[in-house]
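Observations on the model geometry
One letter stands for each residue in the lines below.
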Amino acid sequence: MQKSINGATFRKMIINGARLLDTNKAHVNELNVFPVPDGDTGTNMSMTMLSASREVNACTTNNMSELCDAVAKGALRGARGNSGVILSQILKGMTSVLGQCTEITAKNFAKAFAVGTDIAYKAVTKPKEGTILTVIRGISEAAEKAAKKNVELKDFFQAIIEAGEATLKQTPEMLPVLKKAGVVDAGGRGLLILLQGFLNVLLGIKDENIEFDDSYDASNAAQDSKYSEEAHFNYNDLADIEYAYCTEFFIVNIFKKTTEADIDLFREKLMNIGDCVLVIGDLNMVKVHVHSNTPGQVLSYALEIGEIDKIKIENMLQQNRELKASQHEDLKPFGLVSVCAGEGLTAIFKDLLVDNVIEGGQTMNPSAEDIAKACDAVMAKDIFVFPNNKNIVLAANQAKALSKRKIHVIPTANIPQGFSAVLAFNPQDTVEGNLKNMKDALEGVRSGSVTYAVRSTQIGSFDLKEGDIIGMDAKDIVAKGDSVSTVTEQLIDKMMDDDISCISLYFGNDVTESDAQSIADQLSKKYTSCDVDVHFGGQPLYYFIVSLE
């Protein structure tokens, strides 16, 4: 009977979970709600876990603390897209608990899932149910119950996976957009595949072909949902978590009244007020390491269980200032970093004096580490980052913790917003002034895109067939047809109003310049009061990116 595992087995679980998720990422991608060709939840989650797996493979010891540190760092560095960032936060919470263990039991895993759930929810400004967050919460609740039975670990994981599957099947009732598409949440499915990879190690299964039934029959469910007002959703920005003081010390001469439970409670208190928490030892001596903004409170908590010795408190903010000061002569005040996919779009951003352009967007979101490295390569004190994609904003915010530059993320959700924000940049203005002006510039842009449906489904009033040409504004599909030119014109008709004076068309790899110019000529005749511009974008998958201003 296997009721606990050591570091060697935990290493295998992480590596196998990453492998299984990578093998099944295509299925997770297919669950993306919108039927556009950039549905990449599975890819993002897989890349996040593969990064964690690489860090684990590079770790030369099976010490749980070091292994867990490798998992957390690797997941953070490789986090891509909203789903990948949320997964990295779940792993961050879990490893903060498991890293304190020598042997991991079901109770340890239950506590880890609870902390992982808590950190994931706190990381999202406005959590929405029906997502991966709901699934990890269901798993955590089931883990607490299962751990009370002193079960074998394989039975424990089977129980929580079953609970997770039950929760996943309920996600369409929580998000009507899932119900309409007839699928369950993609991020939740990815999480359960990862846990199945963990379980396979305990079962001794090397490879397993997983068959999924992730369709959803809305006819068998209630027609009304208490979540019905949430027709569309986005994960919100991760909360900024920055701690100024690195505090290290020993707790010695521990009071006779102190118990192991008191030390566990002390650790939990530190996790509530800080980051990078390490509390190891026993009733003879405890070593403490924590990053927080309140070192006095950390020491006060410690004095409740014993005496403190060899205190070291470092001001990480001052260290950062000194580093910047040493580079002062080489750094210009401001730098600009943009994300886009397409030779033409890249050229336009560079013409607008953007310092560094990261290749990414549809189908391949750059990781937090990719963005941080791009920012570090720009010799400037303050870097403005333009993600130009809703699914990259979270990773851009995560890059703040990885970069040696001071990063400011302008939450551009698409390429037209990116161009507008860059044009609003004034090198003579202050950081605050530029942030305000660039964010204000986003309000005056209407953006749309023309692509094709990758599967048959129903979205809103549209009954889509695979291969249909579809036109989307910033939120919804508003046009469909068999012709790119017809759908492009229909899209612009839907987006147009009396305030629009300029229409810009950025054509992709699958559109010739002559065809793009022909569509522009038609639009010029129809909207005589508007200037119509055509630019080569070179973007994949999308025939046109449209901007109305």
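Criteria and cut-off values
- Residues numbered from 1 in each chain as written.
- Predicted model: local features only at pLDDT ≥ 70, side-chain atom pairs only at ≥ 80, totals over all residues.
- Heavy atoms only, no water.
- Helix = DSSP H or I, 4+ residues; strand = E, 2+ residues; numbered from the N terminus.
- Buried < 20%, exposed > 50% of the residue type's maximum accessible area, 1.4 Å probe, protein only.
- Contact = heavy atoms within 4.5 Å.
- Areas by Shrake-Rupley, 256 points an atom, 1.4 Å probe, with all protein chains shown as cover.
- Salt bridge = Lys/Arg side-chain N within 4 Å of Asp/Glu carboxyl O.
- Core = buried A, V, L, I, M, F, W, Y, C linked by side-chain atoms within 4.5 Å.
- Phe/Tyr/Trp six-rings, centres within 6.5 Å; stacked < 30°, edge-to-face > 60°.
- Pairing = 2+ DSSP bridges.
- Axes fitted to C-alpha atoms, helices over the stretch in contact; angles between N-to-C directions.
- Left-handed = near helix turned anticlockwise from the far one by under 90°.
- Nonpolar A, V, L, I, M, F, W, Y, C, P; charged D, E, K, R; others polar.
- Disulfide = S-S within 2.5 Å.

A tally of regular secondary structure across the protein gives 20 helices and 18 strands. For the protein, with 549 residues in total, the buried portion stands at 54%. Partitioning the contacts of the protein with sequence separation of at least 6, the portion at a separation of at least 24 is 72%. Total accessible area computed for the protein in this model is approximately 24,300 Å², and 48% of it derives from carbon and sulfur atoms.

The next point concerns the pattern of salt bridges. One side chain can pair with another of opposite charge once the charged atoms of both are near each other. Applying the stated criterion across every chain, the model contains 21 salt bridges. When salt bridges that share partners are traced, they join R77, E369 and K373 into one network.

It is worth spelling out the nonpolar core at this point. A general feature of soluble globular proteins is that nonpolar side chains tend to end up buried together. F10, F109, F113, I139, F156, F157 and I160 are the most contacted members of the largest nonpolar core, which has 70 residues in total. Formed by 25 residues, the second largest nonpolar core is a distinct cluster that contains I469, I519, C530 and V546.

Under the defined criterion, the tally for this structure stands at 13 aromatic pairs. Geometrically, the ring pair formed by F419 and Y506 is tilted, given 5.3 Å between the ring centres and 45 degrees between the ring planes. Within this pair, whereas F419 is found in helix 17 (residues 415-423), its partner Y506 is found in strand 16 (residues 502-507), the two being separated by 87 residues in sequence. Between the aromatic rings of F507 and F536, the centroid separation amounts to 5.5 Å while the plane-to-plane angle is 55 degrees, which identifies the pairing as tilted.

This next bit is on the sheet that holds strand 11 (residues 446-452). As summarised here, the arrangement of the six strands in space is 15-14-11-18-16-17, forming an open sheet in which the pairing is mixed. Pairing within the sheet leaves two strands with one partner each, and these edge strands are strand 15 (477-481) and strand 17 (531-536). Strand-to-strand twist in this sheet, taken as the mean axis angle between neighbours without regard to direction, amounts to 15 degrees. The pairing of strand 16 with strand 17 spans six bridges and is parallel. Opposite Y506, over in strand 17, you have H535 as the bridge partner. Each of strand 11, strand 16 and strand 18 (544-548) is contacted by helix 17, which is oriented at about 50 degrees to strand 18, the strand it contacts most.

Here T167 shows up in helix 8 (residues 153-174). Other than its neighbours up to four places away in sequence, T167 contacts T134, V135 and G138.

This part covers the packing of helix 17 against helix 18 (residues 431-442). One can describe the packing of helix 17 onto helix 18 by two numbers: an axis separation of 8 Å at closest approach and a directional angle of 145 degrees. Of the two possible hands of crossing, helix 17 and helix 18 adopt the one that is right-handed. Here Q417, S420 and A421 of helix 17 come into contact with helix 18, specifically with M438, A441 and L442. Looking at side-chain class alone, the contact of helix 17 with helix 18 contains four nonpolar, two polar and no charged residues.

Strand order in the open sheet formed by four strands is 8-7-9-10, and the pairing between neighbours is parallel. Every interior strand has two partners, whereas the edge strands, strand 8 (356-359) and strand 10 (406-409), have only one. Strand after strand, the sheet turns through a mean of 25 degrees between neighbouring axes, direction not considered. Each of strand 7 (332-340), strand 9 (380-386) and strand 10 touches helix 18; the most contacted strand, strand 9, lies at about 10 degrees to it.

Our focus in this paragraph is the state of the cysteines. Overall, the coordinates contain zero disulfides when judged by the stated rule. Take C59: it sits in no disulfide, and the sulfur closest to it among the cysteines is that of C68, at 9.7 Å.

From the geometry alone we can't say anything about function, so treat these as descriptive.
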